[in-house]
Amino acid sequence: MSLIQLLIDGIASGCIYGLVALGFVLIYKATETINFAQGDILMLGAFVAFSLIGVFELPYILGFLLTVLIIGSFGFALDTVVIRQVIGQPPFATVMLTIGLGFVFRGFASIFWGTDIYSFATPFSGKITEFNGLIISYVNLSIIIGTIVLMTALYLFFTLSKIGVAMRASSENQLAAYYMGIPVKLIFSLIWAISAGVAAVAGVLLAPITLVDTSISLIGLKAFAAAVLGGFGSIPGAIVGGIIIGVVEQLCGTYENYLFEGIREISAYLVLLLVLIIYPRGLFSDKAEVKKV
Amino acid sequence: MRFIFKTNYDQDINIVRHNGDRISYGLLVAAMIIMPFFIDDFYLGELSYVFILAIAGIGLMILSGYTGLASLGHAAFLGVGAYTHAFLLTNGIPFYYSIIIAVAVSFFVGAAIGFPILRLTGMYLAIATLAFGFIAEHVFIRWEHFTGGNRGMVVPTPEFAGISFYDSATFYYVCLISLILSMFAAINILRSPTGRAFVAIRDSEIAAQSLGVNIGRYKALSFAISAGFTGLAGALLAHYIGYLAPDIFNIFLSLTLLLLIVVGGMGSLHGTIYGAIFVGSLPQMIAIGRDYLPSSIASQPGLEPLLFGLILVLFILYEPLGIYGRWLKIKLFFEMFPTYKKQTFKKQKTFTKSDRV
Amino acid sequence: MSYFDVNNITVAFGGVKALNDVSFSVDQNEIFTIIGPNGAGKSTLFNVISRIYQPNNGNVVFDGKDILNLKAHQISQIGIARTFQNLELFENATVLQNLLLGRHIYKKSNFLSDMFFLNHVKKSEREQRLKVEEIIDFLDLQHYRDTPIHGLPYGVRKNVELARALSTNPKLLLLDEPSSGLTNEETIDLGFWIKDIKNLLNITVVMIEHDMSFVNKVSDRILALNYGQVLAEGLPEEIQSNSEVKKAYMGE
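Residues numbered from 1 in each chain as written. Chains lettered and ligands numbered in written order. Predicted model: local features only at pLDDT ≥ 70, side-chain atom pairs only at ≥ 80, totals over all residues. Heavy atoms only, no water.

Participant: Describe the sheet that holds strand β4 (residues 57–62) of chain C, and please don't skip the residues or the numbers.
Facilitator: Residue and element names in this part refer to chain C. Strand order in the open sheet formed by four strands is β2-β1-β4-β5, with antiparallel pairing between adjacent strands. In this open sheet, the two strands that pair with only one neighbour each are β2 (16–26) and β5 (65–66). Pairing of β4 with β5, which is carried by two bridges, proceeds in the antiparallel orientation. Bridging across to β5, Val61 finds its partner in Asp66. (Pairing = 2+ DSSP bridges. Helix = DSSP H or I, 4+ residues; strand = E, 2+ residues; numbered from the N terminus.)

Here is the structure:
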């Protein structure tokens, strides 16, 4: 029984990793850059939700949607004002830029909201349900269901809508896409908005578990493992990758005594390195072949 | 504008192009040597810290600036150097041997890491080094036998030739000599066939291969050499801070090193020095600036990361060639006066092009 | 067996056969040109020889050695050099530094002796510089010696690419579309240089080309490819009058 309990906890935390990884993958598919500040955007989402729901005491749903809207717009603005300047430059520039931005967000959060640990009331906190002897918390349920809903919506959006195809074109050759009349800059900013929104959703769903403070941005880095494991070009891959990481973490935590102490905290990074060394394509990659020389 | 009349190949091969430069650099070194007679212990300590940063910067510059390989977890090598050195000292190994072994250990750890991940390109390599950095930090915290675990580790102060490290001037000279030797080693590597191979890997792997450069071997070598320099800096850093707390070799320290090479100017050893001076004096400037800020902001611990991140972002956006790049532009301005055109350095419009095959 | 033999090379990507059972021979000291419409598989062939691609079938023998056992970075050691269609120069380095990299395979030092810049390293640097200067004289690049690549005009860049391949002192030179993008004068100069490379430097040249008048003036023998298969092999006059070749180029 406890194994299944473990699995559910792993799947729930894995969903969070998956959502963050989703943000990475979206931006990477569109602009071939990696946003190292994704975890920090998640953190900002949690903080904004805290302000709206916890401090101003807005109803949960309203606060949730408003948070996503605010953070999404922030993502759009971020691309328009900052990220756009370095597009086309060697990857090192964007890596440095987003890492720097991550630190700026974290520093800003600790100054604006302070360094205490905060929390806010959600309709799921503290409630549990029983099913065949299993105890499942409402919070975990909310995470899993929320992820499924969001994933489906995004998947449909990208496969069925014209914008999805346009996004694909822009990512493969920006100049050619321009010639085809695609408003590339707008599309890139939209991707950043969507990516930020997804991170915000993850932040709000995660808040009841981890509470709200600046250290939750480190989740972003574990989510890399999920993105790479899933194969950096694939949306369902990101979620699956995340779930695998989440479950592996739980297993490492439980069987710590058989491995070595403290393995749980670095299990995500170990998986990441293993995948990169042995099978960098990932599980669901859409590339014919990872370009190698 | 200076014209150099060349009469033999040595003038291109040598480190210093002509006598004028020889004199300027000579004066600089001389000034550094007589420093302890003019400034007091506190500033000597600060200068030593800048020298240590410069050595670490040389390591990262060779790897990222010259070979084009990202390393987001370089603080790990500072840690390897620091802990190895402190551990050996605590167990009675004399200073000279301890530091050489620390450098060697760091070198081999670099090679060991470089080998498996050398096939990765760009983004994937960056992520892998980031993961490595986190794992290393974790290992430092947990490996009690070697690093003292959560209790941390006190770094013994060695005595040799009758002079003790307690004396700031001694430590200052050790750092200065280390920096000068490191500079020589780095300059030599970079003007030799090995260094050319590194730059070839950065600019076009496929061409480098067709010219006979074994990409895998040279990437691993670059990692190893870089780790060696950074390990040396780590060993000296251990003395500078005296006590190794469990979590100091973290991502913020890696970011500090990255800030150093970006702000200084990627792709040049001059940049390393400028970057080291900048990053070394940053805490002082922040401390001074704190007096002018409202207390609610100034007292926050998040201020330092915020400013570091902000400076990094601003340099990437507006001065990607770093301080050295700005210095070159200023020199060009004076050399070409009054015909200097701002357009010379205007950024070309760039577009993304997919790396996917 | 001739100097350079390509035997039954097949390269398939998924279901598409980029090269299908391609065979031909090149004699020592000849200028051998490969022609064919775009997509015929010419660059794929070069990539197989430079060991960037692994063929599904066949072998390649150079001067008695089977080269498919070699890795990409070992090709220059046995005397094969190549240029790239889209130019793969080291943009941030000077012309001189690009050419010096051509001498990499003659390096006798390791990184430790480099670090201390021992005397034999300095001596070697002077020797390599001397060799590279010969190439610079050969291709008239003196003016551009210390200029970084990113400031140079296209014609000069193509020259540097050729010079760099020559710096490796090769026995076999693979040129990928050397005349593409060149003006008429530059193409004529190129023709003279390729003939000099054959006659004065005794290097065997295999090149991919599109400019038919250039091909006919310079080549000793020609191979025509289409859709990954060999159409014809022979003297320029024979290829010119070959009906299959004409069909492939002009359509029915």
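Past the structure itself, the notes keep going.
Participant: Which residues make up unusual backbone geometry, and what values go with them?
Facilitator: Residue and element names in this part refer to chain C. Positive phi, normally seen in glycine, also occurs at Asp140, with a value near 60°. As for its placement among the helices and strands, Asp140 is situated in the loop between α4 (119–138) and α5 (154–167). Look at Asn202: it is not a glycine, yet its phi comes out positive at around 55°. On the secondary structure map, Asn202 appears in the loop between α6 (184–199) and β8 (204–208).

Participant: Which residues make up the arrangement of the chains, and what values go with them?
Facilitator: No other pair of the two pairs of chains in contact has as many contacts as chains A and B. The two units chain A and chain C are non-contacting; their minimal C-alpha-C-alpha distance is 7 Å. (Contact = heavy atoms within 4.5 Å.)

Participant: Can you tell me about empty space enclosed by the protein, naming the residues and giving the values?
Facilitator: A probe as big as a water molecule, rolled over the atoms, marks out the empty space that is left. Evaluation of the coordinates by the stated rule reveals six cavities of 30 Å³ or more. A volume near 130 Å³ is recorded for the largest cavity. Taken together, 15 residues make up the lining of the largest cavity; nearest its centre are Phe36, Asp40, Arg106 and Leu221 of chain A together with Ile251 of chain B. Looking at the lining of the largest cavity, the elements with two or more residues in it are α2 (38–55), α4 (91–112) and α9 (219–230) of chain A. In terms of residue count, α4 of chain A provides more of the lining of the largest cavity than any other element does, four residues in total. In terms of residue class, the lining of the largest cavity is made up of eight nonpolar, five polar and two charged. Looking at the second largest cavity, its volume works out to about 70 Å³. Leu72, Gly73, Ala75, Ala76, Leu130, Gly133, Phe134, Glu137, Phe249, Asn250, Ile251 and Ser254 of chain B together form the lining of the second largest cavity. Secondary-structure elements contributing two or more residues to the lining of the second largest cavity are α4 (75–90), α6 (122–142) and α12 (251–264) of chain B. When residues in the lining of the second largest cavity are grouped by element, the largest group, four residues, is from α6 of chain B. (1 Å grid on protein atoms, 1.4 Å probe; cavity = no way out; pocket = protein on both sides within 12 Å on 5 of 7 lines; lining within 4 Å. Points joined across faces, edges and corners; volume = space filled by probe spheres on them. Nonpolar A, V, L, I, M, F, W, Y, C, P; charged D, E, K, R; others polar.)

Participant: Please set out the interface of chain A and chain B residue by residue, giving values where relevant.
Facilitator: The interface is formed by 58 residues belonging to chain A together with 51 residues belonging to chain B. Summed over both partners, the interface of chain A with chain B buries about 5,100 Å², with 74% contributed by carbon and sulfur atoms. Linking Glu265 of chain A and Arg142 of chain B is a salt bridge whose minimum nitrogen-to-oxygen distance equals 3.6 Å. On inspection of chain A and its partner chain B, the count reaches one residue pair in polar contact (both at pLDDT 80 or more). Taken together, the elements giving at least two residues each to the side of chain A that touches chain B come down to α1 (2–31), α4, α6 (162–172), α7 (174–179), α9 and α11 (263–278) of chain A. A per-element tally of the side of chain A that touches chain B places α4 of chain A first, with 16 residues. Of the residues that constitute the side of chain A that touches chain B, the class distribution is 35 nonpolar, 15 polar and eight charged. (Buried area = accessible area lost by both parts, 1.4 Å probe. Salt bridge = Lys/Arg side-chain N within 4 Å of Asp/Glu carboxyl O. Polar contact = N/O pair within 3.5 Å; in protein donor to acceptor, adjacent residues only side chain to side chain.)

That's the geometry; what it means functionally is another story.
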